Amino acid sequence: MSESVFSFELIAQEDQARCGKIITNRGIIDTPTFMPVGTLGTVKGIFTDDVLKTESQIILGNTYHLFLRPGLNVLKRFGGLHNFMNWQKPILTDSGGYQIMSLSKFNKIDLKIGAIFKSHLDGKKIILSPEKSIQIQRIINSDINMVLDECPKLTSDKKIISNAIHTSTEWAKRCKVEFGNNKSKALFGIVQGGLFKDLRIESINKLIEIGFDGYAM
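Residues numbered from 1 in each chain as written. Predicted model: local features only at pLDDT ≥ 70, side-chain atom pairs only at ≥ 80, totals over all residues. Heavy atoms only, no water.

Asks: How should the sheet that holds strand β3 (residues 27-31) be read in this particular structure?
Replies: Strands in a sheet are paired, the pairing made by backbone hydrogen bonds, and the direction either parallel or antiparallel. Reading across the sheet, the 3 strands line up as β1-β2-β3 and stay open at both edges, with antiparallel pairing between neighbours. Among the strands making up the open sheet, the edge pair consists of β1 (7-14) and β3. Strand after strand, the sheet turns through a mean of 15° between neighbouring axes, direction not considered. Direction of pairing for β1 relative to strand β2 (residues 17-24): antiparallel, over a ladder of 7 bridges. From the neighbouring strand, A12 faces β2, where its bridge partner is C19. (Pairing = 2+ DSSP bridges. Helix = DSSP H or I, 4+ residues; strand = E, 2+ residues; numbered from the N terminus. Axes fitted to C-alpha atoms, helices over the stretch in contact; angles between N-to-C directions.)

Asks: How should I be thinking about helix α8 (residues 197-210) in this particular structure?
Replies: At 3.6 residues per turn, the α-helix brings residues three or four places apart onto the same side. The end-to-end C-alpha separation of α8 is 20 Å, in line with the 20 Å expected for 14 residues at 1.5 Å each. Where α8 is concerned, the buried positions are L199, S203, I204, L207 and I210. All buried residues of α8 project into a common sector of 135° when viewed along the axis, lining one side. Along α8, exposed side chains directed more than 90 degrees from the buried face belong to K197 and E209. Buried-residue contacts for α8 involve α7 (158-179), β10 (186-190) and β11 (214-216). Positive phi appears at G211, one or two residues downstream of α8, with a value of about 95°. (Expected span 1.5 Å × (residues − 1). Buried < 20%, exposed > 50% of the residue type's maximum accessible area, 1.4 Å probe, protein only. Arc of directions from axis to C-beta. Contact = heavy atoms within 4.5 Å.)

Asks: How should the nonpolar core be read in this particular structure?
Replies: Soluble globular proteins tend to pack their nonpolar side chains together in the buried interior. In terms of nonpolar packing, the biggest core is built from 44 residues, with I59, L81, F117, I144, M146, V147 and F212 touching the most fellow members. Non-local contacts of M146, meaning those with residues more than four positions away in its chain, are made with L92, T93, D94, S95, S133, I134, Q137, L187, F188, I190 and A216. (Core = buried A, V, L, I, M, F, W, Y, C linked by side-chain atoms within 4.5 Å.)

Asks: When you look at the sheet that holds β10 in this model, what are you seeing that I'm missing?
Replies: Overall, parallel pairing links the 5 strands, which are arranged β4-β5-β9-β10-β11 in an open sheet. The open sheet terminates on both sides in strands that have one partner only, identified here as β4 (59-62) and β11. Taking each pair of neighbouring strands and ignoring which way they run, the sheet shows an average axis angle of 30°. Bridge count for β10 against β11 is 3 bridges, and the pairing is parallel. Bridging from a neighbouring strand, I190 pairs with A216 of β11.

Asks: It is not clear to me how the environment of V51 should be interpreted in this structure. Could you clarify?
Replies: Summarising the element assignment, V51 is placed in helix α1 (residues 48-53). In this view, V51 contacts P36, V43, I46, S56, I59 and W87; residues no more than four positions away in its chain are not counted.

Asks: Honestly, the layout of surface pockets in this entry has me stumped. Any pointers?
Replies: One simple way to see leftover space: roll a probe sized like a water molecule over the atoms. A volume near 690 Å³ is recorded for the largest pocket. Lining the largest pocket are 26 residues, with M35, L92, M146, A216 and M217 sitting closest to its centre. Class assignment of the residues belonging to the lining of the largest pocket gives a composition of 16 nonpolar, 7 polar and 3 charged. (1 Å grid on protein atoms, 1.4 Å probe; cavity = no way out; pocket = protein on both sides within 12 Å on 5 of 7 lines; lining within 4 Å. Points joined across faces, edges and corners; volume = space filled by probe spheres on them. Nonpolar A, V, L, I, M, F, W, Y, C, P; charged D, E, K, R; others polar.)

Asks: Just to check I follow, could you spell out the packing of aromatic side chains for this structure?
Replies: By convention here, two paired aromatic rings are described through the distance between centres and the angle between planes. Per the stated rule, a full pass over the model turns up 4 aromatic pairs. Ring centres of F78 and F84 lie 5.3 Å apart, and the angle between their planes is 90°; on these two criteria the pair is classed as edge-to-face. For F84, a relative accessible area of 29% puts it in the partly exposed group. (Phe/Tyr/Trp six-rings, centres within 6.5 Å; stacked < 30°, edge-to-face > 60°.)

Asks: So what exactly am I meant to see when it comes to the side chain of T63 here?
Replies: Turning to its location among the elements, T63 is positioned in helix α2 (residues 63-68). Not counting residues up to four positions away in its chain, the partners in contact with T63 are T93, D94, S95, G96, S133, I136, Q137 and I140.

Asks: Quick question: what am I supposed to make of empty space enclosed by the protein here?
Replies: For the structure on display, the rule yields 1 cavity of 30 Å³ or more. Roughly 30 Å³ of volume is contained in the largest cavity. Together, V43, I46, F47, T48, V51, I59, M85 and W87 line the largest cavity. Class assignment of the residues belonging to the lining of the largest cavity gives a composition of 7 nonpolar, 1 polar and no charged.

Read these as geometric descriptors, not functional statements.
Right under this line is the structure:
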């Protein structure tokens, strides 16, 4: 069976509100949709069968956390996260960019390298470059992949946010190169800019220039 092309179909729109369908190899996602969070390959406190009963159409996994546990060797053995958690519907993976913010005391940013983490589990040094993030997501076998971005803490310092846009844009370019021309999967850009409308517009315009399958606002 040949793989279908990832696509979006607009069903209806009124002013800024719209509904549509995201078409993936593992099923259709009606939008807007509720996406349960399964950071480590499990939605906390709920069996996969119970998640299916909610009629959820997609779940989220996390690149950084899955890289640490259960690790890439286990995921490779299962052929990806779908089989590992017995979930055959679409999966979206966060790139690890959120952990740059949530685990900020355990990492530092290097524009040329990426995010350099000290594992919150055992203190081991982890380098999460834009390329590495995409490679991990490829092993996870995500249907929707996210670019690695610098997600800064909430701040009113415009220079910090502007610098994060620059870093995120450069990393987004590298992610797209690493992702390649896989039409059956999707790569989404992530908009930065904090609470500054002008910076958010700047960020989205830079991402559109690169060109992605979708954009996370």
